[in-house]
Each structure stands twice: as C-alpha cells, then as structure tokens.
Amino acid sequence: LPVPPVDQAQKEEIVKVETDKYYMEWSNKGASLQKLKFKEYVHEYANWTEKDALRKPDNWLELIPDYASKYASLLVFGEEQVNPQTKIALESTLWTIAKYPHQTTPEHKTPELIFELGPIGGIKYTKKFVFSDQKYFIAGELALQNSTDGDLKRKLEISGGGSIVLETPDYATVLGYVNYLNKQGQPLHEYFSQASMAEEKFQFQIPAKIESKGVEWVGMINSYFGHVL
C-alpha cells in the first residue's frame, strides 16, 4: 500500500510568547521550549540600579542556559516509521504550528500554542500549551490520536528540561529531583547533581509497577529558582 504523506513543516520557526511574568521562545523543531526569561528579575551581569532596568529585555534573567540546547525543554522522544526504509525522531522533527498565542477569540481569550505532527505511523500527535498573565505556571497537554482501525502502542519519553542557569560558580548548587511511587504506592524521591547528569552517569529506573502512576513529578533547582514538570 502507498504510504500517505507526513504532515510536517518544511522549516524551523520560532514563536515568541510574552506575559506579565515571563518571555519565552518556542521552536517547532520537536515542539520545544528554547528560551525562558523572568521579567521580574535581572541576571548577574545587569546593572539593576539603572533606571527602568526591569523594562529592558537584555536584563531579564534567563533560566535556560545555552548549553542546555541538546535537550530542549518539553521534548517528546520517540520514533515513527515513515516507510520501510525511513524512520523519523519526534524530538528533532519539524512540527506544524496549528495555533499561535495571538490567535485568540472572544470565546477563547487565553493564549494557546498548539503544535501538530502527522498522522505518521497511524498517529496524529498534538502538543498544546496554555499561558497565563498572572502565573509562572503553564499548562500543557500531549495527545495521541489513532487514525487506524487497529490498536497501536508507543513508548515515549518527555524531557522536563536540559538544565537551569547557574546562580553560583558551584555546580553542586544545581540539583535534579524525581518523585515516584514504589510498588506499594508510597511516594519516594531521589535527587542527583548537575555534574552527574552532564557526565551522563545518572541512571534512574522507575521501580513502580503501576505504570499509570509511575513518576509523579520531576524538577531541577538552583540556589533560587526551579522548574517542575
């Protein structure tokens, strides 16, 4: 049977999102978050005493360091078979942008960013992110729609983020956390250092057998800030 064409964008596109709290840049490459700046804080090189320091974008504190680009935030890792000879990686494929944050309506005033991919391998992938002016919190959704008559199974991984900016010269101030349920359903957590992750020495296997309730949350913190998925 002929393989239907894959609905895939032809070039990388950057989407800027700005609220009262933060400035973001999203890429359709992997449908991922590339930059995140807090508008209420300045970075260490800024002159915070100058007039209107917080109004200058160059002064805003960048939470995602440049070296974290290898694993952009909120990537979905997995493979799809385009044809018998070709596979594509979800994390490096160009997704199409189905909705931009500025495309609000009287019925839907909250800014949304929606990425789509496929159908590919029988599945249409959708990633939706919703932004709020008054919160640092953003809501996200990953949806898989089966376009075939049969059952399909996928094993996917999601990255919370590659790293977080150093607030001191000491890498020991950056820690990652994994909170999960053990076989008895009791919450436990483990933590690891940025150094061990950078050297790819950290390995974590979920001990839980309750797959729908495995990892409850993951996070990474420095001395003053953190991000949690």
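Here, the structure is the one placed above.
Worth saying up front: this structure is predicted, and the values here are computed from it rather than measured.

**Quick notes on the packing of aromatic side chains**
What characterises a pair of aromatic rings is the spacing of the ring centres plus the angle enclosed by the ring planes. Across all of its chains, the model carries nine aromatic pairs by this definition. Considering the side-chain rings of Trp-26 and Phe-129, the 4.4 Å spacing of their centres and the 35° angle between planes classify their relative orientation as tilted. Highlighted residues: Trp-26 in strand S2 (residues 22–27) and Phe-129 in strand S10 (residues 123–130), separated in sequence by 103 residues. Note on Trp-26: relative accessible area 0%, which makes it buried. An aromatic cluster is present here, built from Phe-38, Tyr-41, Tyr-136 and Phe-225 joined pairwise through their rings. The cationic tip of Lys-127 hangs over the ring face of Trp-95; the distance from NZ or CZ to the ring centre is 5.3 Å.

**A closer look at the environment of Asp-58**
As for its placement among the helices and strands, Asp-58 is situated in the loop between strand S3 (32–42) and strand S4 (60–62). Relative accessible area serves as the criterion here: at 64%, Asp-58 is assigned to the exposed category. The spacing of Asp-58 and Tyr-45 is 13 residues in sequence and 10.0 Å in space, taken between C-alpha atoms.

**Quick notes on a nonpolar patch on the surface**
Taken together, the side chains of Leu-142, Leu-144, Ile-158 and Leu-229 make up a nonpolar region of the molecular surface, amounting to roughly 330 Å² of accessible area. Looking at the secondary structure, you find Leu-229 in the segment after strand S16 (226–228).

**Focus on the pattern of salt bridges**
It is possible for side chains bearing opposite charge to pair when their charged atoms get close. Per the stated rule, a full pass over the model turns up seven salt bridges. The partner of Lys-56 in a salt bridge is Glu-50, with the nearest N and O atoms 3.4 Å apart. Linking Lys-87 and Glu-79 is a salt bridge whose minimum nitrogen-to-oxygen distance equals 3.7 Å.

Cut-offs used in this document
Residues numbered from 1 in each chain as written. Predicted model: local features only at pLDDT ≥ 70, side-chain atom pairs only at ≥ 80, totals over all residues. Heavy atoms only, no water. Phe/Tyr/Trp six-rings, centres within 6.5 Å; stacked < 30°, edge-to-face > 60°. Helix = DSSP H or I, 4+ residues; strand = E, 2+ residues; numbered from the N terminus. Buried < 20%, exposed > 50% of the residue type's maximum accessible area, 1.4 Å probe, protein only. Lys NZ or Arg CZ within 6 Å of the ring centre and 35° of its normal. Patch = residues over 30% accessible without salt bridge, like charges linked within 9 Å, V, L, I, M, F, W, Y side chains within 5 Å. Areas by Shrake-Rupley, 256 points an atom, 1.4 Å probe, with all protein chains shown as cover. Salt bridge = Lys/Arg side-chain N within 4 Å of Asp/Glu carboxyl O.

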